[in-house]
Amino acid sequence: MYKIAVFVSGRGSNLLSIASEIKSGVLKAEIAVVVSNKKDCKALEFAAKENIPNYVVSNLAEEKFYVNYNELIKVFTEQKIDLIVLTGFLKKIPNELIRNYKNRIINIHPALLPSFGGKGMYGINVHKAVFDSSAKVSGPTVHFVDEIYDNGKIIDQKAVDISKVKSAEEIAEKVLKAEHQLLPEIIKRFVENKIQLTDKRVFSD
Ligand code: GRF
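What this report covers is the structure whose coordinates are included nearby. Computed from a predicted model, the values in this text were never measured in an experiment.

**Focus: the overall build of the protein chain**
Tallying secondary structure elements over the protein chain gives 6 helices and 11 strands in all. Relative to its length of 205 residues, the protein chain is compact, with a C-alpha radius of gyration of 17 Å against a globular reference of 17 Å. Over its C-alpha atoms, taken along the principal directions, the protein chain stretches across nearly 50 × 40 × 35 Å. Scored against the burial criterion, the 205 residues of the protein chain give a buried share of 46%. For the protein chain, contacts bridging at least 24 residues in sequence account for 62% of all contacts bridging at least 6. A total accessible area of about 10900 Å² is found for the protein chain, and carbon and sulfur atoms account for 50% of it. Positive and negative side-chain charges in the protein chain, numbering 30 and 25 respectively, have mean positions lying 2 Å apart.

In structure tokens, the structure reads:
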């Protein structure tokens, strides 16, 4: 079975959408590990309820209940994790993990990269910037993770019409719906080995 690790920071709606596609049999994969940088959050509650091994990661050694990234790498190796999926994970992924999982870490960003990305561009900040720009189209981007925030090659995007919206919150709602479709779809393409990287571009069919 294709094994994924999902990184979360809070609400976990993308985690739920992946889990529901797995339950319905559309996605032939297993969420083998859930990792959060926050101790108390809905996503971790869900993982615990579903008996998915879950970890809170931090590099602060003094915090007993946290694991550090070296310990996580060990867990991923033991579990034979195929793909790491970041869904709103708010911490920078250490380069060692990125090197260990080259082209096997993906992130979902709630705007059409390469616009509206980078440090500080998360959550409602992204949608506010999109709203203020008066852009008429937004939507999620799934991309590879490299050493720079929101910089890795784009795997796929889904355009959402925002020409009539009245607030950033409205954009957030529309984009989140599209995220819940796009991310499981992309994971499915990974499972089916349909993602191809060339020098400059990523193809998937
Ligand atoms: C999503 O909007 C995702 O695009 C962003 O963080 C949010 C996570 O939401 N990177 P959730 O925790 O999956 O509900």
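Continuing now.
**What about the sheet that holds strand β8 (residues 154-157)?**
Pairing within the open sheet is mixed, and its 7 strands lie in the order β3-β2-β1-β4-β5-β7-β8. What marks the edges here is a single partner per strand, and that holds for β3 (54-56) and β8. Averaged over all adjacent pairs, the angle separating strand axes in this sheet is 20°, with direction ignored. Note: strand β7 (residues 141-144) against β8, 3 bridges, orientation antiparallel. Looking across to β8, one finds that H143 is bridged to I154. The strands touched by helix α1 (residues 13-23) are β1 (2-8), β2 (29-36), β4 (83-87) and β5 (105-109); relative to β2, the strand with the most contacts, the crossing angle is about 165°.

**Observations regarding the pattern of salt bridges**
Under the criterion given, the structure shown has 5 salt bridges. For K23, the salt bridge is made with E50, and the minimal N-O distance between the two is 3.2 Å. Here the residue K23 occupies a position in helix α1, and E50 occupies one in the loop between α2 (42-49) and β3, the gap between them amounting to 27 residues. Overall, K23 belongs to the exposed group, its relative accessible area being 64%. On the basis of relative accessible area, E50 is assigned to the partly exposed category, the value being 29%. One salt bridge in this structure joins E192 and K194, with 3.1 Å as the shortest N-O distance. Judged by relative accessible area, which is 29%, K194 ranks as partly exposed.

**Quick word on the site of the ligand**
As a structural note, the neighbourhood of the ligand is formed by R11, G12, S13, N14, T87, G88, I108, H109, P110 and E179. Between the ligand and N14 there is a distance of 2.9 Å, counted from an oxygen atom to a backbone nitrogen or oxygen. Between the ligand and I108, the relevant distance is 2.9 Å, taken from a nitrogen atom to a main-chain nitrogen or oxygen of the residue. Protein contact buries 86% of the 370 Å² of open area that the ligand shows by itself. Spatially, the ligand is embedded in the largest pocket.

**A closer look at the pairing of β7**
Here β7 shows two buried faces, one formed by T141 and H143 and the other by V142 and F144. Sheet topology places β5 next to β7; 4 bridges connect them, and they run antiparallel. Counted as the bridge partner of H109 is T141 from β7.

**Brief notes about the nonpolar core**
Soluble globular proteins tend to bury their nonpolar side chains together. Counting residues in each nonpolar core, the largest one holds 33 residues, and the members touching the most others are I18, I31, I106, I155, I187 and F190. Among the elements that make up this core, the one with the highest residue count is helix α6 (residues 168-191) (5 residues). Setting aside residues up to four positions removed in sequence, I31 forms contacts with I4, V6, L15, I18, A19, I22 and I52. Counting 22 residues, the second largest nonpolar core, distinct from the first, contains V57, L72, Y101 and V145.

**Some thoughts on α6**
Note on helix geometry: an α-helix contains 3.6 residues per turn, so any two residues three or four positions apart are oriented the same way. Given a rise of 1.5 Å per residue, 24 residues ought to cover 34 Å, and the 34 Å separating the end C-alpha atoms of α6 matches this to within 8%. N193 sits one or two positions beyond α6 and adopts a positive phi of about 60°.

Basis of the calculations
Residues numbered from 1 in each chain as written. Predicted model: local features only at pLDDT ≥ 70, side-chain atom pairs only at ≥ 80, totals over all residues. Heavy atoms only, no water. Helix = DSSP H or I, 4+ residues; strand = E, 2+ residues; numbered from the N terminus. Rg over C-alpha atoms; globule rule 2.2 N^0.38 Å. Buried < 20%, exposed > 50% of the residue type's maximum accessible area, 1.4 Å probe, protein only. Contact = heavy atoms within 4.5 Å. Areas by Shrake-Rupley, 256 points an atom, 1.4 Å probe, with all protein chains shown as cover. Lys, Arg positive; Asp, Glu negative; His and termini not counted. Charge placed at Lys NZ, Arg CZ, Asp CG, Glu CD. Pairing = 2+ DSSP bridges. Axes fitted to C-alpha atoms, helices over the stretch in contact; angles between N-to-C directions. Salt bridge = Lys/Arg side-chain N within 4 Å of Asp/Glu carboxyl O. Near = heavy atom within 4 Å. Polar contact = N/O pair within 3.5 Å; in protein donor to acceptor, adjacent residues only side chain to side chain. 1 Å grid on protein atoms, 1.4 Å probe; cavity = no way out; pocket = protein on both sides within 12 Å on 5 of 7 lines; lining within 4 Å. Sits in = over half its atoms within 2 Å of the grid points. Core = buried A, V, L, I, M, F, W, Y, C linked by side-chain atoms within 4.5 Å. Expected span 1.5 Å × (residues − 1).

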